[in-house]
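Structure assessment
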Amino acid sequence: LVPPCAPLSKRHRGSLAICVVRRAPGRGVRVVIANASSNADTSRLDRAFAFAEEYTKHSSATFYFATRLMNLDTRRKVWAIYAWCRALDETVDGIEARNAGSAPAAMELRAIETRLKTVFDDENGTTTEIFTPPASDDTSLISTALAHTVATTPGMTVAPFLDMIAGMRQDLDDQVTFPDWPSLRLYCYRVAGTVGLMTLPVLGIAEGYTITDATGPGVDLGIALQLCNIVRDVGEDARTRGRVYLPNDLMRKHGVTRQDILKGAHQSSSIAAGADSTQSQSSLVNSQGYKDLVEEMIQLAEFHFDRAASGTKMLAPAARLPVLAAAEMYGALLQKVRDAKYDNVTKRAYTTTLEKFGVLPKVMQKAFWFT
């Protein structure tokens, strides 16, 4: 279940906190699925969920902050889902994956699909070995946490997980491109809107509503969060991956090209390395067309945040605060980009811990006095 070709090389306090997952040529990886019955290995489960927590914490400070507002059982399961999603992303975008090319990653995505279907078909949550054992038992910890989550959470289905894999396949293209907003929206659904569908059964639904009722707003929230990431990371995506996630039709509308963005991102990289900065931003970030393009992307994100707001009342009361907090903290990144005069090429917007705490009074009022 864990993508075995992706090195998860996050470090914490000087020691390796996130496993390095690799597959030797011709070998597979054992998939350990936690037994959900009363004789389950509690110690192993605790290690698995602690592992998922560390991975979440080091992958996204904002998302992790929001999950800390959930009760223990809920946040552990959300960490398991998020850790799997991030590990899947590493299969495609990790350093080792990028160096190896798209063929090994494509093969691994197919294998992950097979393992996922096995997990969802295993109603008893029994231990299953699909591949030969790895050198380290740590490689199966995310599998253990996710499989236990699936086995103990009624209503979870394999469909959104498979949809996410389809989104990751789009990132395997040498030149990721989106001809128009509908095609980008579909991508955003696959890589982020699906997370809403994965987590709704874990978060719970308010009395009088069903998961079907909450599905639309949940997807809208995921799309909004992904658009925040896209707006924030234009420069980073262009510099490190040669990718532009802005739709071609909007770029044409505002007189901006993909090459403009790639060139602007690499100029900023040269400046950071100490090169002459006299031409630093004039051709892109200071152009009105680019500012208008970014503003339109921001407005698309805000539109989906507004649509998602209708789902707040559909969530179980205990889930409203963390979900609203996540939306508010991610949404704050949009204003940060505006405050930076739309420079998301040489700068990367972020919120401080103090700013994260600062959203709580506002969202607490919405969560506990929701009308």
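These notes cover the structure that comes with them. (Residues numbered from 1 in each chain as written. Predicted model: local features only at pLDDT ≥ 70, side-chain atom pairs only at ≥ 80, totals over all residues. Heavy atoms only, no water.)

**Quick word on the packing of aromatic side chains**
Each pair of aromatic rings is reported with the distance of its centres and the angle of its planes. For clarity, the cut-off: Think of it this way: a Phe, Tyr or Trp ring, Trp meaning its six-membered ring, pairs with another when their centres are within 6.5 Å, and the plane angle makes it stacked under 30 degrees, edge-to-face over 60, tilted otherwise. A run of DSSP states H or I qualifies as a helix once it reaches four residues; a run of E qualifies as a strand once it reaches two. Both are numbered from the N-terminal end. Buried means the residue's accessible area, taken with a 1.4 Å probe over protein chains only, is under 20% of the maximum for its type, while exposed means over 50%, and partly exposed covers the values in between.
Taken as a whole and assessed by the stated rule, the structure comprises eight aromatic pairs. Between Phe 120 and Phe 161, the ring centres sit 5.3 Å apart and the planes meet at 55 degrees, which makes this aromatic pair tilted. Of this pair, Phe 120 sits in helix 5 (residues 102–121) while Phe 161 is found in helix 7 (residues 159–170), placing the two residues 41 residues apart along the sequence. Here the two residues Phe 120 and Phe 161 agree in accessibility, since each one is buried.

**Digging into the pattern of salt bridges**
Rules: A pairing counts as a salt bridge when a side-chain nitrogen of Lys or Arg comes within 4 Å of a carboxyl oxygen of Asp or Glu.
A complete count under the given rule lists 18 salt bridges for this structure. In this structure, Asp 237 engages Arg 241 in a salt bridge whose closest nitrogen and oxygen atoms are separated by 3.3 Å. With Asp 237 and Arg 241 both in helix 10 (residues 234–241) and four residues apart, this pair spans about one turn of that helix. Its relative accessible area of 10% is what places Asp 237 among the buried residues. Connected through salt bridges with shared partners, the residues Arg 232, Asp 233, Glu 236 and Arg 348 form a single ionic network.

**What about the packing of helix 3 (residues 72–93) against helix 8 (residues 181–203)?**
For clarity, the threshold we go by: Throughout, an axis means a line fitted to C-alpha atoms (over the contacting stretch in the case of helices), and angles, computed between N-to-C directions, take values from 0 to 180 degrees. Note that the term roughly parallel is reserved for angles under 35 degrees, roughly antiparallel for angles over 145, roughly perpendicular for angles of 65 to 115, and oblique for everything else. Handedness of a crossing follows from how the near helix is turned relative to the far one, being left-handed for an anticlockwise turn of less than a right angle and right-handed for a clockwise one. Throughout, a contact is declared for two residues whenever any of their heavy atoms are within 4.5 Å.
With their axes 10 Å apart at the nearest point, helix 3 and helix 8 run at an angle of 160 degrees to one another. On the basis of their axis angle, the class for helix 3 and helix 8 is roughly antiparallel. Classified by chirality, the crossing of helix 8 by helix 3 is right-handed. Facing Thr 74, Lys 77, Val 78, Ile 81, Trp 84 and Cys 85 of helix 3, the residues of helix 8 in contact are Val 195, Met 198, Thr 199, Val 202 and Leu 203.

**Here we look at the side chain of Thr 56**
Mapping Thr 56 onto the fold places it in helix 1 (residues 42–59). Those residues in contact with Thr 56 that sit more than four places away from it in its chain are Phe 63, Tyr 64, Trp 79, Tyr 82 and Ala 83.

**Observations concerning the packing of helix 5 against helix 7**
Selection rule: Gly is placed with the polar residues, together with every amino acid not listed as nonpolar (Ala, Val, Leu, Ile, Met, Phe, Trp, Tyr, Cys and Pro) or charged (Asp, Glu, Lys and Arg).
Relative to each other, helix 5 and helix 7 sit at 175 degrees, their axes nearing to 10 Å. For the element pair helix 5 / helix 7, the angle class is roughly antiparallel. Two secondary-structure elements touch here, helix 5 through Leu 109, Arg 110, Ile 112, Glu 113, Leu 116, Lys 117 and Phe 120 and helix 7 through Phe 161, Leu 162, Ile 165, Met 168 and Arg 169. When its residues are assigned to classes, the contact of helix 5 with helix 7 shows eight nonpolar, no polar and four charged.

**Considering the environment of Thr 157**
Note that Thr 157 resides in the loop between helix 6 (141–152) and helix 7. The spatial distance from the C-alpha of Thr 157 to the C-alpha of Phe 120 is 7.1 Å, given a sequence separation of 37 residues.

**What to know about the nonpolar core**
Here is the rule: The set of buried Ala, Val, Leu, Ile, Met, Phe, Trp, Tyr and Cys residues whose side-chain atoms join them within 4.5 Å is what this entry labels a nonpolar core.
Ranked by size, the top nonpolar core spans 95 residues in total, and within it Trp 84, Leu 227 and Ile 261 carry the most contacts. The residues contacting Leu 227, other than those within four sequence positions of it, are Trp 181, Leu 184, Cys 188, Met 297, Leu 300, Ala 301 and His 304.

**Section: the environment of Lys 253**
On the secondary structure map, Lys 253 appears in helix 11 (residues 248–253). Of the residues examined, Lys 253 reaches a relative accessible area of 56% and is grouped as exposed. Sequence separation between Lys 253 and Leu 293 is 40 residues; the distance between their C-alpha atoms is 8.2 Å.

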